[in-house]
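Descriptive analysis of the structure
Spelled out from the first residue to the last, the chains are:
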Amino acid sequence: MITGFAGLTYKKFEGSTFQLLSDVVYNAMEMASVNSNDIDGLFFTMLSGTFDGKANIHFPSFQIPAFLGIKPRYIDIVDYGGPSALTMVYRAEKLVNSGEIDTALCIVGGKGSFLRENKVTADSVDKFYNISLTPFDEFFRVYEDMNPVTDYALVAKRHQKLFGTTDEQRAMIAVNQRKNAINNEKSLYKSPLSVKDVISSRLVSDPLRLLEIVYPVDGFHAFIVSKHQRNSNLRPLKIHFYGEAHWAEMPPELPDIVYTPTIESSKGVSLEKIDAFELYDSFTITVLLEIEDIGLTEKGKGGKFVEEKDTTFKGEIPINTGGGSLNVGQPAFMSGGVILEEALSQLNGMAKGHQVEGANRVLVNGIGGWNRGHAVTMVLGE
Amino acid sequence: MFDEIKKEYINLMNNEKLPYIKCKSCGNVFFYPRDYCPKCNSKNLEVKVSKGDGKVFSITKFQGKKGDTYYGIVEMDEGFRIYSNIKNSLEIGDKVTVEFIEENGRKIPIFKGLSGT
Ligand SMILES: [Zn+2]
């Protein structure tokens, strides 16, 4: 069970990535009432350029335990971006239940500011480090793009064309998430937002505008999964549903780009009795796709859905109850930690100012990897 | 084999021809080169040359290095799709034809609209 969690996000953290990492890890260990000697399983993910501006650190499986002073018996690197945080917790839970390990530490994050200041995104890190990202680089990276924004813009554009989705409908997602963010102490943005504000913000990649796009920040999230509850005051939460799907195709080779693997990872999930939805929100369009792919509405009706339903934390279908990463920021280009932390806050009555009353079951959906290649759907509850 | 296909692709492009791969076992067509058909795993592949006509599958505009830049996915008449820059402002479904520009000493395909501005 998850006995501790912590997250720290900064617009820009001035210290080293390792320093930030240890602050978060020690906060999580404190909540779980464990120390570094108890940790015998380590799970982490890492993205090029997010560790003090290095393309990678040499054998992170050595450097991270060395810095934190832990001696794991088991190490697992989960590297598919957004959903990795969810997968780590799931795998840790299985290993704890099987008796293989006692206490696992799961880490996600890094520093996004270094790349941001150099105008590099996770998808264009090749241009900065002169490294190859795909086997197809010479036929694909030769074009001028602004990935990942342009890629999601292509999806939003096609969604508009196929289903008549409007800019205003997508803007509603940003507006409602901002309402949730206003009282979240972790939120970077707290001023009220209107549909007009969103659709008059700068057009970054048609049709996506500035206020529909996540802001890369510095930060880490850490989760402790342990067989010992000790002094942890967290509810003994279980993973009620877990599904994972990976679509390896290049987007031009997918049957269509308006679907995400969520359609597969969420297969069989019951949407009844779900009190809140924490959906990966790299962009407004990402949330719209997940709403459809999870089955909250049918494909193409996501625009109408967000127009008609109150998705604020007080509403009938609360979505991204803390404002999501659109407002908290996206640490190291991966939002999995942000949505998982919010789910755990909700389930433990710790979501001050944006608490969904009687939250007993939360669905978390992660999207990740270059070009929406991965999805993980998870339901947490007691 | 992969390197040979890539070499053949670049040669064709330098001669202003748009290559693609057809699987002789299952008929699957694709652009991004591989040794095995990603659909049926057959190695019985053939590099073919597209007629160069297609239509916009999706398109976006952003401020690039030289101002308004269009980037999109184009669906060719032969059935495969490719990422590319597009020369002009177009809508999804508009017809396009291939052109070649020089980039870092080699030619790469881009697309030009038959309609639009
Ligand atoms: Zn085949």
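Residues numbered from 1 in each chain as written. Chains lettered and ligands numbered in written order. Predicted model: local features only at pLDDT ≥ 70, side-chain atom pairs only at ≥ 80, totals over all residues. Heavy atoms only, no water.

Naming follows an unreviewed UniProt entry, where chain B appears as Nucleic acid-binding protein of Acidianus brierleyi.

Looking up chain A in an unreviewed UniProt entry gives the name Acetyl-CoA acetyltransferase, with the organism given as Acidianus brierleyi.

What follows is about the coordination of the zinc ion. Residue and element names in this part refer to chain B. Listed as protein donors to the zinc ion are Cys 23 (SG), Cys 26 (SG), Cys 37 (SG) and Cys 40 (SG); their distances from the metal cover 2.3 to 2.4 Å. In the primary sequence, the donor residues of the zinc ion line up as C-x2-C-x10-C-x2-C. In this structure Cys 37 comes out as buried when scored by relative accessible area, which is 0%. For Cys 40, a relative accessible area of 33% puts it in the partly exposed group. (Donors = N, O, S within 2.8 Å, 3.2 Å for Na, K, Ca; no water. Buried < 20%, exposed > 50% of the residue type's maximum accessible area, 1.4 Å probe, protein only.)

Our next topic: the interface of chain A and chain B. Between chain A and chain B, the contact holds 30 residues from the first and 33 residues from the second. With both chains or domains summed, chain A and chain B bury close to 2,900 Å², and 62% of this area falls on carbon and sulfur atoms. Broken down residue by residue, the surface that chain A buries against chain B is led by Phe139(A), Tyr143(A) and Glu144(A), which jointly contribute 29%. Where chain A meets chain B, there are two salt bridges. We note a salt bridge from Glu138(A) to Lys6(B), for which the minimum N-O separation is 2.8 Å. Counting every contact that joins chain A to chain B gives 15 residue pairs in polar contact (both at pLDDT 80 or more). Where the side of chain A that touches chain B is concerned, the elements lending two or more residues are helix H6 (137-140), helix H7 (149-163) and strand S5 (203-205) of chain A. The element that contributes the greatest number of residues to the side of chain A that touches chain B is H7(A), accounting for seven residues. Each residue belonging to the side of chain A that touches chain B can be placed in one class, and the counts come to 16 nonpolar, four polar and ten charged. (Contact = heavy atoms within 4.5 Å. Buried area = accessible area lost by both parts, 1.4 Å probe. Salt bridge = Lys/Arg side-chain N within 4 Å of Asp/Glu carboxyl O. Polar contact = N/O pair within 3.5 Å; in protein donor to acceptor, adjacent residues only side chain to side chain. Helix = DSSP H or I, 4+ residues; strand = E, 2+ residues; numbered from the N terminus. Nonpolar A, V, L, I, M, F, W, Y, C, P; charged D, E, K, R; others polar.)

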